[in-house]
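Spelled out from the first residue to the last, the chains are:
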Amino acid sequence: MDRALSEPAPIDWRSRVEQGAASVRARIEATGAGLDRVQILAVTKGQPVEAVVAAARCGFADAGESYAQELVGKADAIDEGSAGAEGIAVRWHMIGRLQRNKVRLVAPHVHLWQSVDRLSLGAEIARRSPGASVLVQINVSGAEQQGGCRPEQVDAVVEGCGDLGLDVRGLMAIGPRDLAHAPRAFAEVSRHADRLGLAERSMGMSGDLEAAVLAGSTMVRVGTALFGPRTEPPTVGK
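Residues numbered from 1 in each chain as written. Predicted model: local features only at pLDDT ≥ 70, side-chain atom pairs only at ≥ 80, totals over all residues. Heavy atoms only, no water.

S.K.: What am I meant to see in the packing of aromatic side chains here?
M.R.: Under the definition given, this model contains one aromatic pair. Here W13 and F227 contribute two aromatic rings whose centre-to-centre distance is 6.4 Å and whose plane-to-plane angle is 70 degrees, an arrangement assigned as edge-to-face. Taken together, the residues W13 in helix α2 (residues 13-30) and F227 in helix α11 (residues 224-227) connect sequence positions 214 residues apart. The exposure class assigned to F227 is buried, which follows from its relative accessible area of 0%. We note R16 situated over the ring of W13; from NZ or CZ to the ring centre the distance is 5.1 Å. (Phe/Tyr/Trp six-rings, centres within 6.5 Å; stacked < 30°, edge-to-face > 60°. Helix = DSSP H or I, 4+ residues; strand = E, 2+ residues; numbered from the N terminus. Buried < 20%, exposed > 50% of the residue type's maximum accessible area, 1.4 Å probe, protein only. Lys NZ or Arg CZ within 6 Å of the ring centre and 35° of its normal.)

Have a look at this one:
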């Protein structure tokens, strides 16, 4: 068989991102929220470096990764490759559950730590990256595997992270699998953020961003809605 016929056509990542971004923006606007209120974070887990670069070229310089090794590998590839030579810079967000022993690995690259759910993790971030910007993750779905501190713990984690010298900018949450419960869950996050005087609310993903935006989200984390299906298996390890 002709090898050229058996190989899939290369993906035009810029075109794909532009189409996805238009759809995501339309969905946000359909809620009645202004695009200036809601930041779109490009979730690049399971996507190649080419997709990250295309997103940055389309104006999505903030990228979210869930796995430490994957974040570092992509950051190094961009910095050392032609994109880095062109001056393309990505602001990396750590959005996945993170083990304390991986903080040192990603600390030189992370712009915003979004999944701080316990003071021991906050202490390690403060040690490796003093004054770092963080979001405290709150679990409003009841699914333990999603991470996040319990709602009754959020005050202590926010206060403790501040005492460690971290810049606590807001809260982050993952919505429940049952979309019918998403409005209530996201509204709870906003209530805690309002009560604590925190401006940032990172909530809402490709499948539930409308409910999150209606509840006051200031940042939606979108992957498949922006890039399409993942093309690579995520790096194992956190």
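S.K.: So what exactly am I meant to see when it comes to the sheet that holds strand β2 (residues 62-65) here?
M.R.: Strands in a sheet are paired, the pairing made by backbone hydrogen bonds, and the direction either parallel or antiparallel. Pairing in this closed barrel of eight strands is parallel, and the strands run β1-β2-β3-β4-β5-β6-β7-β8 around the ring. Neighbour-to-neighbour, the strand axes of this sheet turn through a mean angle of 30 degrees, independent of strand direction. Alignment of strand β5 (residues 133-137) against strand β6 (residues 167-173), held across five bridges, turns out to be parallel. Residue pairing for β6: L135 is matched across the bridge by G170. Contacts between helix α8 (residues 154-163) and the sheet are confined to β4 (110-116), β5 and β6, with β6 contributing the most and set at about 150 degrees to the helix. (Pairing = 2+ DSSP bridges. Axes fitted to C-alpha atoms, helices over the stretch in contact; angles between N-to-C directions. Contact = heavy atoms within 4.5 Å.)

S.K.: Would you explain the layout of surface pockets in this entry?
M.R.: It is the rolling of a water-molecule-sized probe over the atoms that shows where space remains empty. Counted as a void, the largest pocket has a volume near 750 Å³. Lining the largest pocket are 27 residues; nearest its centre among them are K45, S66, I174, M205 and R230. Of the residues contributing to the lining of the largest pocket, the split by class is eight nonpolar, twelve polar and seven charged. (1 Å grid on protein atoms, 1.4 Å probe; cavity = no way out; pocket = protein on both sides within 12 Å on 5 of 7 lines; lining within 4 Å. Points joined across faces, edges and corners; volume = space filled by probe spheres on them. Nonpolar A, V, L, I, M, F, W, Y, C, P; charged D, E, K, R; others polar.)

S.K.: Looking at this structure, I do not really get the pattern of salt bridges. What am I missing?
M.R.: A pair can form between side chains of opposite charge whenever their charged atoms are brought close. Taken as a whole, this structure holds 13 salt bridges when the rule is applied. The partner of D117 in a salt bridge is R118, and the shortest N-O contact between them spans 2.7 Å. By relative accessible area, which is 13% here, D117 ends up buried. What makes R118 partly exposed here is its relative accessible area of 30%. In this structure, R169 engages D167 in a salt bridge whose closest nitrogen and oxygen atoms are separated by 3.2 Å. Judged by relative accessible area, which is 38%, R169 ranks as partly exposed. Judged by relative accessible area, which is 34%, D167 ranks as partly exposed. Look at the salt bridges and you will find they share partners, linking E65, E70 and K74 into a network. (Salt bridge = Lys/Arg side-chain N within 4 Å of Asp/Glu carboxyl O.)

S.K.: It is not clear to me how the nonpolar core should be interpreted in this structure. Could you clarify?
M.R.: A general tendency of soluble globular proteins is for nonpolar side chains to be buried together. W92, W113, I125, V136 and L171 are the most contacted members of the largest nonpolar core, which has 48 residues in total. Beyond its immediate sequence surroundings of up to four residues, W92 is in contact with T44, V52, A63, E65, L71, K74, A75, I78, H109, V110, H111 and L112. (Core = buried A, V, L, I, M, F, W, Y, C linked by side-chain atoms within 4.5 Å.)

S.K.: What is the right way to read the pairing of β5 from this model?
M.R.: Here β5 lies mainly inside the structure; five of its five residues are buried. Residue alternation in β5 divides its side chains into two sets, S133, L135 and Q137 and V134 and V136, and both sets are buried. Sheet topology places β4 next to β5; two bridges connect them, and they run parallel. For W113, the partnering residue across the bridge sits in β5 and is V134. Handedness of the crossover joining β4 and β5 through helix α7 (residues 119-128) is recorded here as right-handed. For the handedness criterion, the β-α-β arrangement of β5, α8 and β6 is classed as right-handed. (Right-handed = clockwise from strand over helix to strand, strands pointing away.)

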